[in-house]
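Per-entry structural report
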Amino acid sequence: MLNFLPSDFSVLIEPESCIKCRRCVRECSFEALVFRDRVVPDHSRCVACHRCVAVCPSGAITVVRNRLAFRQNANWDEEIIKNVYKQARVGGKLLTGTGNDKPYPIYWDHLLIDAAQVTNPSIDPLREPMELRTYLGRKPSRLDFYHDAGGGFKLTTVLEPQIKLETPIIFAGMSYGAVSLNVHRALAAAARRAGTLMNSGEGGLHESLYSFGENVIVQVASGRFGINRAYLERAAAVEIKIGQGAKPGIGGHLPGEKVTGEISKTRMIPEGTDALSPAPHHDIYSIEDLRQLIYAIKEAVRYQKPVGVKISAVHNVAAISSGVVRAGADFVTIDGFRGGTGATPTIIRDHVGIPIEMALAAVDDRLRQEGIRHQASLIASGSIRSSADVLKAVALGADAVAIGTAALIALGCQMCQKCYTGRCAWGITTQRVDLTDRVDPEEGAERLYNLLRAWSLEIKEILGALGLNSIESLRGSRERLRAVGLTGTEMEILGVKPAGR
Amino acid sequence: MALVKHDARGLSFRELNERLHRLVADGIDIIDLVNVNGHRYIGTGLAKPVRLNIYGTPGSDLGAFMDGPEIRVNGSGQDAIGNTMNSGAIIINGDAGNVLGLSMRGGKIFVRGNVGHRVGIHIKAFAEQVPRIIVGGVAGDFFGEYMAGGRMILLGLDRRAGQPVVGDYVGTGMHGGTIYIRGKVEEHQLGKEVGLVEMTEEDYAVLQEDLAEFTACFNLSLPEIMREPFAKLVPLSHRPYGQLYVY
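Here we summarise the structure given alongside this text. Every chain begins its residue count from 1, and numbering advances along the sequence as written. Chains and ligands are labelled by the order in which they are written, letters from A for the one and numbers from 1 for the other. Reporting of local features is limited, given that this is a predicted model, to residues whose pLDDT is at least 70; pairs of side-chain atoms are given and counted only at 80 or more, and all residues count toward the totals for whole chains, interfaces and linings. The side-chain values count all of the structure's non-hydrogen atoms but skip hydrogen atoms and water molecules.

1. Quick look at the sheet that holds strand 20 (residues 377–381) of chain A
Residues and elements named next belong to chain A. As a reminder of what qualifies: At least two DSSP bridges between two strands are required for those strands to pair. Under the scheme used here, helices are H or I runs from DSSP no shorter than 4 residues and strands are E runs no shorter than 2 residues, and both carry numbers assigned from the N terminus.
The strand order 11-21-20-18-17-14-13-12 describes an open sheet built from 8 strands, whose pairing is parallel. One side of each edge strand has no neighbouring strand; the edge strands of this open sheet are strand 11 (169–171) and strand 12 (198–199). Taken together, the 4 bridges between strand 14 (residues 237–241) and strand 17 (residues 307–312) define a ladder with parallel strand orientation. Paired with Val238 across the strands is Val307, a residue of strand 17.

Structure representation (structure tokens):
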């Protein structure tokens, strides 16, 4: 069959600058460069991951969009035409990686933050204490105290287990299998140093990371991979994964080629077999069933740690979250439709789910209306790109946020969206040893820690400007947000006024 | 051997399980639990090879995440028995409900009577751990769905005339392990990812050994059970969902 598909990118190599060291050829895991008497690109294989550009000692390489023009068409755009070619040739579902790249509204960018002027003083975070500490877990409905004769008192309410975070940012669930072990190592070390959490994702936790358990949320997903008593007992918290923003309502599928020795041990399945995560948990067909699994896990960990539930942001997310909280979840992670993934059908990623901003506001509202907001912490995820997004999420009602894509970008990810190929040239979403070595866990941990530190400093800066000295004071305080360029209905859902009001 | 009898009447599942934990911590290794009536999660989180003899009807998730104990139920069980179990044994004299043995990775579950739907869903083997489910009676639909490893044996004893031994969609999505069904299984009952293959001598040796254990538990006659032929089901591929994508 004649291949109709033009290449996406062109690799340009300046002959005068190229010193023919061939480093680019060795580093290109997509085999887009070969050396004859000079470096010769195969444009059709280039994914614009920029590995060659980054390693070229003489700056001789540039990657540009293929200049070949299709006739301008706002309806049948280049990507749509190419997808039809691909599917007509192979007859399969389009697969992709990372989060939704379509130009849907990003509500974070329509929200502006307040600041204190004259009537309420702002605070200088450089000189005054600024509190980002956050506790995840079920809070009591009331506090009871015992007062003794001498005027002293003691708390008599038994508190449910809580996790202390030094910053309201945790790492999102990314499985060992989707990402490499070195990435998990970097996440674990950074989480420990920053006083926060990583999330194992659904592929188990490598034995060498059990010692980081206090900084790890472990997942129980429909495939139940790598779950045994030690896994549940070592963790800081357990999260039942129902859904993921990039793929609401569908299962997962780690191909057999990726189930190598260490992954097989960690997932506790034989080498080379496909790791199938069914779309639903087959012991959960209702809220009552969810409650049954939540309490099975609580029994297994003897009520010593929070048990949460992760769901995708879908149309009825508010009602579902209410059920999840009533089912006994101590925290609810809501993953918006722009959330990342290692592999998902493109059609699902780009068309299913709703934005995290709307979902978060709706859930927070609903739980408040029902008087159960305190019964569970809310974690928002699904494309948190900056400290401003974190702060806006907290103001909309989140207790904390989870970052996945941002964390991988900190490790070098260039957002080429080829995670599912297992060829990641930056060593992040691959299990090929020659590639995984490209992430140094210590250096990676440093970068991740730096990112958390930088965002935390910025959050303190904004809190100071707001005249607040604690992130707790901002939680759910939508009065401190204003909208620009949104419709009345959108503002109503977000619970914010327009700028100027 | 330290043995106690414990009355479950009037206790919530949390209270009952907390008491079990304390008894086990005190070194008790055989516990007779009487008046069990819908208490969930019995045996969950117990990590010692203790023996629990249950009298009554335990609730769902009996032995969920269990690692070591042996539970004998003198009565019937409910749903999700042995959920994500790692090791140990659950032996049920009566019937059991749906999703029995969901995602179990090791140990054994023996049921004398009938079981519900989606039994043995996604059970998987790993290294020396080979989970086994043996059912004396009949099973509902989706028996061995998504099965990834281990052994499931269905005997179809005490059937009414014309009653099928198993429901439809047997082994749908199966990609590992073996299912043995005593009697006849029709092609239309199978999921499209599994196939019927000839029984070998090796298979009969495996059955002989497993069923010797099973018949001893319930006072059944092994030769009588072995008299009828068995059907063997295996996955057609270890990669049933490989060819669905385009990059």
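What follows continues from the structure just given.
2. As for the sheet that holds strand 22 (residues 481–483) of chain A
Residue and element names in this part refer to chain A. Just so we agree on the cut-off: The contact criterion used is simple: two residues touch if any of their non-hydrogen atoms lie within 4.5 Å. Helix axes use the C-alpha atoms of the stretch in contact, all axes being lines fitted to C-alpha atoms, and the angles between their N-to-C directions lie in the range 0 to 180 degrees.
If you trace the 3 strands from one edge of the open sheet to the other, you get 6-22-23, paired in mixed fashion. Either end of the sheet is taken by a strand with one partner, and the two such strands are strand 6 (111–113) and strand 23 (497–498). Looking at chain direction, strand 6 and strand 22 are connected through 3 bridges and run antiparallel. Residue Ile113 lies in a different strand from strand 22, and its bridge partner there is Leu481. In this fold helix 11 (residues 387–396) packs onto strand 6 and strand 22, with an angle of close to 95 degrees to the strand it touches most, strand 6.

3. Structural notes on the interface of chain A and chain B
So the rule is basically this: By definition, the buried area sums, over both parts, the 1.4 Å-probe accessible area that each loses when the two are put together. Put simply, a salt bridge is a Lys or Arg side-chain nitrogen that is within 4 Å of an Asp or Glu carboxyl oxygen. Polar contacts, as counted here, are pairs of nitrogen or oxygen atoms within 3.5 Å of one another; within protein the pair requires one atom able to donate a hydrogen and one able to accept it, and residues that are adjacent in sequence qualify only if both atoms are side-chain atoms.
Taken together, the contact pairs 44 residues of chain A with 41 residues of chain B. In total, about 3800 Å² of surface goes out of reach between chain A and chain B, with carbon and sulfur atoms giving 60% of it. The tally of links between chain A and chain B comes to 2 salt bridges. Ionic pairing is found between B:Asp67 and A:Arg229, a salt bridge with its closest N-O pair at 3.4 Å. Our count for the chain A to chain B interface comes out at 12 residue pairs in polar contact (both at pLDDT 80 or more). Considering every element that reaches the side of chain A that touches chain B, the biggest residue donor is helix 7 (residues 287–300) of chain A, with 8 residues. Bridge count between strand 5 (residues 93–96) of chain A and strand 12 (residues 245–246) of chain B: 2 bridges; the pairing is parallel.

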